[in-house]
Structures are given as structure tokens and as C-alpha cells.
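Here's the letter readout for the chains.
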Amino acid sequence: MKVKIGAFLGGALFGVGLAIAGMTQPAKIVGFFDFFGSWDPSLAFVMVGAIIVYTPVYRWAIRTWQRPIWAPAFSLPTRKDIDGRLILGSAIFGVGWGLGGYCPGPALTSVGARSEEAFTFGLAMLIGVGAYQLFTRMRENRSGGTVDPQAAAMIDG
Amino acid sequence: MESFTPIASTIGGLMIGTAAAGLLLFHGRIAGISGIAGGIFRREAGDMSWRIMFLIGLFAAGAAWSFFYPQDYVVEISRSTPALIVAGLTVGIGTQLGSGCTSGHGVCGIGRLSKRSTVATISFMITAALTVFVVNEVLGGSI
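Every value quoted in this text rests on a predicted model; they were computed, and no experiment measured them.

What follows deals with empty space enclosed by the protein. The tally for this structure, following the rule as stated, stands at 2 cavities of 30 Å³ or more. Roughly 120 Å³ of volume is contained in the largest cavity. Forming the boundary of the largest cavity are 16 residues, of which Leu-18 and Met-23 of chain A together with Thr-102, Ser-103 and Val-107 of chain B lie nearest the centre. Computed from the structure, the second largest cavity encloses a volume of approximately 40 Å³. Considering the residues around the second largest cavity, the lining is formed by Ala-21, Gly-22, Met-23, Lys-28, Ile-29, Ser-42, Leu-43 and Val-46 of chain A together with Ser-9 of chain B.

In C-alpha cells form, the structure reads like this:
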């Protein structure tokens, strides 16, 4: 139960952070990339703010912690190679991010805020996520095993 | 530049980083929203409840926060429904193929000094900028 409440609170803090940061306003995302219009550098402050907290905690945890508090082990990405799928997939994501002004977190929390645009975007996004995962699973079943367990487990986050 | 919000964006960023750090310390997981959502569709036993609860928390935050601060969720760009659908589909498929999004690669991945996530972040930043350039400078800001 405490594990569930903890995950809920983590998601809630993340969601409020997104709203305060301005990530839930597509105009601010588009503004960050609008170098030829009225440029809004806010997104850089969001990322730096988040990384400033995350990096020291991460480095401390992986050096000195045997395991996380509520799980038997850390589930962290292990792959180091740069492959075409990583670059192509990210490039496709960037097109959608620039087009809609939402990335996954802000889209989902904005659905909670009853934004019509976020609902349309978010539903299409979940269809995309679901279709990809179903396709991956079908391929695994046909080959009689896990084709790429790390890829399937979303190795980078 | 009139909408530049350095202080609010830094505070929001610190909160996002704190939430991501908490998910690492308590659950041992990377706080990548596309990864958390993708995992739900894989329906692996024992791996579902934290994902669902995290996303419910994200959803609840929007519902509660928008009650007091609806202006934080305004959409001031002009996008048609088909454009939003194409954007959503490409974000959904792209983040799964590329194993992450702004949070998983951009915050946690760069925060871990991961070369893969740094390359991914550069990749999606470039195509996002190109897309915004086309929409704003070629199509006049509306699609």
C-alpha cells in the first residue's frame, strides 16, 4: 500500500512541477524552439533545475545504496551503444513535440486538467504507444522469445 | 521574450528532479513518462501497480492544480485536430522506438551522464526545432 501511495505522490509532485515549470503550456515549448520569433528560454531552466537535483542523488544512490527502499534492486538502463533506432525514434518524437507542443508527461497531466487539446493529443499518443508495444510483443511471440528484452523494458526511460 | 519565466521554470524543474530522485530512491526506477506508460501495455506481472499509480498521480495533479491555476494549462498555439492527432501518434511511436522522452532521456538520462540519452535528446531537440521552424516561419504559425 505504501508503495502505491509513494508512486502516486511521486506522480503528483512530478505533475505539479510540470505545471509550475510551464511545461503544460504548448506555447512555451514552441517558444523555446522559436529562435526566429520571440524566443522563450524557460525550458532550459526546467531541465537544468531538474538535473541539478537528480544528478547528485543518482550518483550518491548508485555508489552507496545496496538497493532502493521499496524494491529488491535498482532497475536502471544498461545499454551503452548508440543505434539507429535510438536516433530515429527520438527524431520522430521531436517532430511530434514541436508540432503539438506536448511531450508525454505534460500531455497526460493536462488531460487531468480537462484540456481538450491534450485529450486529443494524449489519446493519439497512447494509441501510438500501445500499437508499438503490441507490435513488439507480436514479433516476440512469433520468434518464440524476447527479441530485445532491454528495448522492450524501455531501457532508457 | 514576454513570457519568459526563469524563476517558476527553475522551481518546477527542481520539483520534477525531486520527484524523479524519489522514484529512484524508493522504487529504483527511472522517471521516464513514456517508459512508464509503455510498460503498462506490456502487462508484466508485478510491474504494473507502481506505473499505474504514478500515472494516476500525474493525472490527479492536473485535475487539482487546474482547479486553482487553470491558466497553467492554456493552449495558445493554433493547432487543428488532425495536427494534434499526428503529433500525438508521432510522440507515442517515437518515444517507444527511441526508448524515452524529455523526462527519461532529457532529465534522468542526461542526469546519469548517459551518452545514449544525450544523443537522443540532441536528436529530438533538433527535429522539434525544425518542426517549429516550418510551422512558424513557413506555415505562418498555424497548422
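A few words on the nonpolar core. Counting 58 residues, the largest nonpolar core has Phe-14, Met-23, Phe-33 and Trp-97 of chain A as its most contacted members. Top contributing element to this core by residue count: helix H3 (residues 42–64) of chain A, with 8 residues. Apart from the residues within four sequence positions on either side, Phe-33 of chain A is in contact with Leu-43 and Trp-97 of chain A together with Met-125, Ala-128, Ala-129 and Val-132 of chain B.

This part is about the side chain of Gln-25 of chain A. Relative to the helices and strands, Gln-25 of chain A is located in the loop between helix H1 (2–21) and helix H2 (26–33). When its relative accessible area of 14% is taken as the criterion, Gln-25 of chain A is described as buried. In contact with Gln-25 of chain A, other than residues within four places in its own chain, are Gln-71, Asp-72, Tyr-73 and Val-74 of chain B.

To continue, consider the packing of aromatic side chains. Summed over the entire model, instances satisfying the criterion amount to 16 aromatic pairs over all chains. Between Phe-32 of chain A and Phe-33 of chain A, the ring centres sit 5.1 Å apart and the planes meet at 80°, which makes this aromatic pair edge-to-face. Here Phe-32 of chain A falls in the buried class, since its relative accessible area comes to 12%. With a centroid separation of 4.8 Å and an interplanar angle of 65°, the aromatic rings of Phe-93 of chain A and Phe-124 of chain B are classed as edge-to-face. Of the two residues, Phe-93 of chain A sits in helix H4 (residues 84–100) while Phe-124 of chain B sits in helix H6 (residues 115–138), which places them in two different chains. When its relative accessible area of 0% is taken as the criterion, Phe-93 of chain A is described as buried. Within the aromatic cluster, the residues linked to one another by ring pairs are Phe-32, Phe-33, Phe-35, Trp-39, Phe-93 and Trp-97 of chain A together with Phe-124 of chain B.

What follows is about the layout of surface pockets. Here the second largest pocket defines a volume of roughly 250 Å³. In terms of lining, the second largest pocket is formed by 13 residues, of which the most central are Leu-108, Val-111 and Leu-126 of chain A together with Leu-55 and Phe-59 of chain B. Secondary structure elements with two or more residues in the lining of the second largest pocket: helix H5 (104–112) and helix H6 (116–142) of chain A together with helix H2 (33–42) and helix H3 (49–68) of chain B. Tallied by class, the residues present in the lining of the second largest pocket amount to 12 nonpolar, 1 polar and no charged.

Moving on, we get to the pattern of salt bridges. Residues and elements named next belong to chain B. Evaluation of the coordinates by the stated rule reveals 8 salt bridges over all chains. Residue Asp-47 pairs with Arg-29 through a salt bridge whose shortest N-O separation is 2.7 Å. On the criterion of sequence distance, the pair formed by Asp-47 in the loop between H2 and H3 and Arg-29 in the loop between helix H1 (6–27) and H2 is long-range, its members being 18 residues apart. Arg-29 gets classed as partly exposed once you look at its relative accessible area, which sits at 22%. One salt bridge in this structure joins Arg-51 and Asp-47, with 2.8 Å as the shortest N-O distance.

Now for a nonpolar patch on the surface. Side chains of Phe-35, Phe-36 and Trp-39 of chain A together with Phe-133, Val-134, Val-138, Leu-139 and Ile-143 of chain B sit close together on the surface and give an oily, nonpolar patch of about 770 Å² of accessible area. Tracing the backbone shows Val-138 of chain B in helix H6. With relative accessibility at 57%, the residue Val-138 of chain B sits in the exposed group.

Calculation rules
Residues numbered from 1 in each chain as written. Chains lettered and ligands numbered in written order. Predicted model: local features only at pLDDT ≥ 70, side-chain atom pairs only at ≥ 80, totals over all residues. Heavy atoms only, no water. 1 Å grid on protein atoms, 1.4 Å probe; cavity = no way out; pocket = protein on both sides within 12 Å on 5 of 7 lines; lining within 4 Å. Points joined across faces, edges and corners; volume = space filled by probe spheres on them. Core = buried A, V, L, I, M, F, W, Y, C linked by side-chain atoms within 4.5 Å. Buried < 20%, exposed > 50% of the residue type's maximum accessible area, 1.4 Å probe, protein only. Helix = DSSP H or I, 4+ residues; strand = E, 2+ residues; numbered from the N terminus. Contact = heavy atoms within 4.5 Å. Phe/Tyr/Trp six-rings, centres within 6.5 Å; stacked < 30°, edge-to-face > 60°. Nonpolar A, V, L, I, M, F, W, Y, C, P; charged D, E, K, R; others polar. Salt bridge = Lys/Arg side-chain N within 4 Å of Asp/Glu carboxyl O. Patch = residues over 30% accessible without salt bridge, like charges linked within 9 Å, V, L, I, M, F, W, Y side chains within 5 Å. Areas by Shrake-Rupley, 256 points an atom, 1.4 Å probe, with all protein chains shown as cover.

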